[in-house]
Every structure is written in C-alpha cells, then in structure tokens.
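# Inside the fold
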Amino acid sequence: MADEVSRRKFLTAGIGVISGTIIAGVGGAALVSIGAPAVTNKLEGKWVPAGNPAELAPGVFNQVNVAFDAKDGWMDGKFKMLAYVKVEGENVTAFSATCSHLGCNVNIDETTGGFKCPCHTGQYDKNGKNVGGPPPKPLKKLDAKIEDGKLMINTLPKEA
Amino acid sequence: MFAKIGNLLEERFTYKRWLKEDVFEHKVPNKLNFTYCFGGITFLMFLLLVATGVIMLFYYVPTVDHAFSSVEYITFDLPAGVYVRGIHHWCANGIIVFTALHMLRVVVYGAYKNPREFHWITGVVLLGVVMGFDFTGYLLPWDQKAYWATKVGVLMPKGMPFIGEHVTAVLMGGTNIGALTLSRFFALHVAVLPLVTAVFLLGHFLMIRKTGVAKPL
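Residues numbered from 1 in each chain as written. Chains lettered and ligands numbered in written order. Predicted model: local features only at pLDDT ≥ 70, side-chain atom pairs only at ≥ 80, totals over all residues.

### Details of the overall build of chain A
Convention followed: Secondary structure elements follow DSSP: runs of H or I of four or more residues count as helices, runs of E of two or more count as strands, with numbering from the N terminus. Throughout, radius of gyration means the C-alpha value; the globule benchmark is 2.2 Å times the number of residues raised to the power 0.38. We call a residue exposed when 12 or fewer other C-beta atoms sit within 10 Å of its C-beta, buried when the count reaches 20 or more, and partly exposed for counts in between; the C-beta positions come from the backbone.
From N to C terminus, chain A includes one helix and ten strands. In chain A, the order of α-helices and β-strands from amino to carboxyl end is α-β-β-β-β-β-β-β-β-β-β. For chain A, whose C-alpha radius of gyration is 26 Å, the value lies well above the compact-globule estimate of 15 Å for 160 residues. Expressed as lengths along the three principal axes of its C-alpha atoms, the size of chain A is roughly 95 × 35 × 20 Å. Residues classed as buried in chain A amount to 23% of the 160 residues present.

### Concerning the overall build of chain B
Rules: Contacts here follow a simple rule: the backbone-placed C-beta atoms of the two residues must lie within 7 Å.
Along the backbone of chain B there are nine helices and zero strands. Ordering the α and β elements of chain B from the N terminus gives α-α-α-α-α-α-α-α-α. Counting the 217 residues in chain B, one finds 25% classified as buried. Taking contacts inside chain B between residues at least 6 apart in sequence as the whole, the part at least 24 apart equals 71%.

### Things to note about the pairing of strand 2 (residues 62–72) of chain A
Residue and element names in this part refer to chain A. This is how the line gets drawn: By the convention used here, strands pair only if DSSP detects at least 2 bridges between them.
With eleven bridges joining them, strand 2 and strand 3 (residues 75–88) adopt antiparallel strand pairing. Bridge pairing in strand 3 places A67 opposite K80. In sequence, strand 2 turns back onto strand 3 through a hairpin of two residues, with G73 there showing a positive phi of about 60°.

### A closer look at the domain arrangement of chain A
We count it as follows: In this entry, domain limits derive from an automatic or database-based domain assignment.
Segmentation of chain A into domains returns domain 1 (2–38) and domain 2 (47–154). Between the C-alpha centres of domain 1 of chain A and domain 2 of chain A there is a distance of 52 Å.

### Overview of the sheet that holds strand 7 (residues 123–124) of chain A
All names here are of chain A. With antiparallel pairing, the four strands of this open sheet are ordered in space as 5-6-7-8. Two strands lie at the open edges of the sheet, namely strand 5 (107–108) and strand 8 (130–132), each paired on one side alone. Relative to strand 6 (residues 115–116), strand 5 runs antiparallel, the two sharing two bridges. Its bridge partner being in strand 6, I108 is matched across the sheet by F115.

### Observations concerning the sheet that holds strand 3 of chain A
Residue and element names in this part refer to chain A. Applied cut-off: Each axis is a line fitted through C-alpha atoms, taken for helices only over the stretch in contact, and angles between the N-to-C directions span 0 to 180 degrees.
Here three strands make up an open sheet; going across it, the order is 2-3-4 and the pairing antiparallel. Each end of this open sheet is capped by a strand with a single partner; those strands are strand 2 and strand 4 (91–96). Each strand axis lies, on average, 40° off the axis of its neighbour in the sheet, ignoring direction. Two strands pair when backbone bridges link them, and strand 3 and strand 4 are joined in this way by six bridges, in the antiparallel orientation. For V87, the partnering residue across the bridge sits in strand 4 and is V92.

### Remarks on helix 5 (residues 81–108) of chain B
How we decide: Take the residue count of a helix, subtract one, and multiply by 1.5 Å to get its expected span.
Look at helix 5 of chain B: 40 Å from first C-alpha to last across 28 residues, which is about the 40 Å you get at 1.5 Å a residue. Immediately beyond the C-terminal end of helix 5 of chain B, within one or two residues, lies G110 of chain B, with a positive phi of roughly 65°.

### Thoughts on the nonpolar core
What counts here: Take the buried Ala, Val, Leu, Ile, Met, Phe, Trp, Tyr and Cys residues, join any whose C-beta atoms are within 7 Å, and the set you get is a nonpolar core.
Counting residues in each nonpolar core, the largest one holds 22 residues, and the members touching the most others are A83, Y84, V85, A94, F95, V106 and I153 of chain A. When residues of this core are traced back to their parent elements, those giving at least two are strand 2, strand 3, strand 4 and strand 10 (150–154) of chain A. No other element matches strand 3 of chain A, which puts five residues into this core. Once residues lying within four places of it in the same chain are set aside, the contact partners of I153 of chain A are V48, A50, V66, A83, A94, L142 and A144 of chain A. Among the nonpolar cores identified, the runner-up in size contains 17 residues, and L49, I55, I87 and L126 of chain B belong to it.

### What about the packing of helix 5 of chain B against helix 6 (residues 117–139) of chain B?
All names here are of chain B. What counts here: For classification purposes, an angle smaller than 35 degrees is called roughly parallel, one larger than 145 roughly antiparallel, one from 65 to 115 roughly perpendicular, and anything else oblique. Handedness of each helix crossing follows the sense of rotation of the near helix against the far helix: counterclockwise by less than a right angle gives left-handed, clockwise gives right-handed.
In contact at an axis separation of 10 Å, helix 5 and helix 6 are set at 160° when each is read in the N-to-C sense. Compared by their axis directions, helix 5 and helix 6 come out roughly antiparallel. Judged by the sense of rotation from one axis to the other, the crossing of helix 5 with helix 6 is left-handed. On helix 6, the residues touching A92, I95, I96, T99, M103 and V106 of helix 5 are W120, G123, L127, V130, D134 and G137.

### Observations concerning the confidence of the model for chain B
Any segment with low pLDDT has predicted coordinates that should not be analysed in fine detail. Definition in use: Scored from 0 to 100, pLDDT records how confident the predictor is in each individual residue.
Mean pLDDT over chain B works out to 94, with 100% of the residues at or above the 70 mark. In the predicted assembly, ipTM is 0.80 and pTM is 0.87.

### Considering the environment of V87 of chain A
All names here are of chain A. By secondary structure assignment, the location of V87 is in strand 3. Residue V87 is classed as buried on the basis of its C-beta count, with 21 C-beta atoms lying within 10 Å. Sequence-wise, V87 and V66 are 21 residues apart; in three dimensions their C-alpha atoms are separated by 16 Å. Apart from the residues within four sequence positions on either side, V87 is in contact with P53, L56, P58 and V92.

Structure (structure tokens):
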C-alpha cells in the first residue's frame, strides 16, 4: 500500500518536472528572443557629413537634416535625424531636435532664440536648457566639428 | 496569495477534483503500453511548434525581399533564435514521424472501429493538416531548397485531369512561384491551418475522452 502511494506521488512529480522543464525551456527562449531588444539593437554613434557649414547662417541655430545608414534588424536601414547647429568661427554647437519629454522634434522659438516643442509646448532656452512646460531634461547635445570644410556630426546624442 | 486564489477557484469550479479524477487518476484499461503515448507526443510537438512559431513571428517577414534575410537574422543574430528555430525545425520533422506511429498503433490495435470511427476521420483530417503545415512551412525561409521543393510540390496537382492546372494556379497564386505564393503560403501556415487544427483537435480529444481509449491486444 505504501509502495502504491509513493509510486503515484513519483509519477505526479515526474509530470510536474517534465512539464516544468518544457515550459521553462520554451518560456526562457521566448523571453530571451522577444525580450532581447531590451539590451541589444542600440544605435551606435558615428560621424557623418551634414552639409556645407558655409551655407549656414553664422551665429544662430540652423535646422540641419542628418541622414545616415545603420543596421536596422536584418536590413541596411536609412535613418534621419533633425539637428540644430550654430557655427561661430571654428566653434560648432549642435543639439538634437528630439524633445526630452516624449520625443517630438522641437522648433526654433523666434521670440526667445531658444526652442519650443509643438507637441506639448515644452520650452528650452538657447543653451538647450529646459525652461518651461513638461520636458524633464535639457536637449541632448551632438558632437559636431568642421573638417575639410565639411560639417561633421556624431549621430549619438549625449546628455547635456 | 496563490493558495487563496486556488481556494476561491476550487469553491466555484471544483477544479481540484477535476484534476484528480480526470487527469492524475484518470481511469484507463489495464496494461496500456508506451505506444499509447504517440498521440500525446504528437500533441506536445504541436504545442512546441505553436510556441516557437509565435516567437519567430516577431521577426519573420513574408516578402520576397526580406524573408530570407529575416530568417538569417533569426538564425545568426537573434539571441536564442537558432534554438527557437531548431526546435521548430525538429518538431516539424518529428510530428510527421509521431503522427505516423500514432496511426500505426491505431491500425494495429483496430482502434478505429466502432465506436471510434469519427476519431479516425478527424485524425485523417489532422494528418492532412500536418502535411499542409510542413508543405507551406517549407517555403517560408525562401532559400533554394524551399523554392524548388515548392515548385515540385505545386506542380504535382497539375497532373490531375481537367482541374489540375487550376489547382496549381491557385496554390501558386499565378503562373510562377513568387511574392503571391509566399504570402499565401504564409497565411495558410500561420492562420488557416492553425484554426482548422484547433477545431479538429478539440473534436479528436473530446471524443476520446467520451469513449476512452481502445483496450490493448
């Protein structure tokens, strides 16, 4: 009798262990494959040409479209980002136009010389600092320089 | 907390009694042997195919431009992707083997006879579905093997008198293997066949629960 009970318990436990292994195996694979983008697939920064600096109005922010190629899953992706660039002699200041609130592209605010976001009226001053509305952080900076007469921008925005 | 939820469910649905009586202490004829596992193994493989298939659906794209590169991405770039695709590949092969063994057991034991004729009929439909899955799934990686195997497969019905040419045209979505073939094979593979399988599997299972399995020889 005791033997019978332990055999039943053994088989029940066996069902549990085998099902558990299969569920853990497939569930783990699902977690890893589907959840992978949590830690992978980050865009890496690279220097790309962004036009002729002589064509930009000096001393003020100019809207510059930066186009670059990067890996997009299995494709060679074409990416675009909007930047605001100010050239003062050899000095280049560049901000990413991405609002720190929810990612819209900000516009130049003619009245303040800073930036404003059309989505939720976020405001930044001319140093990119968030001064009004919902944005929690300043605009991100972009590394930029003039090389051989060409404006070069690094595509990875940095915290100001 | 789980114990509490379990108790609430038990109060309302008496699931513990159901588990005990219908799963762990389910009554079966004496001296059942391991050949009775083949159907269950086939079902387990089906479940694994569904799970790994859904995972790959997050990455696979059924267009002629991207199908091959997305499969390449799953296999070589995606973390655990080769493992997921491997399970899908081997279960797709194994399910044919175990379906055949399952049917062989049923034939040898005469288990298709009264009162289990409809189990057999739904089973034969499911055999067709399994083969449909393997045929349509074979094209999806869009490589050379997929292309030519499908070409051979869709041209076979052409031999049928009168309707053959039309059947082939419907399968291919035209007169050549291309974008239309790939998208309709994909639709069959991930939408139509799974639904048909669900309906017939449910019938298959409910009927075997009602009649019980055939006694061993």
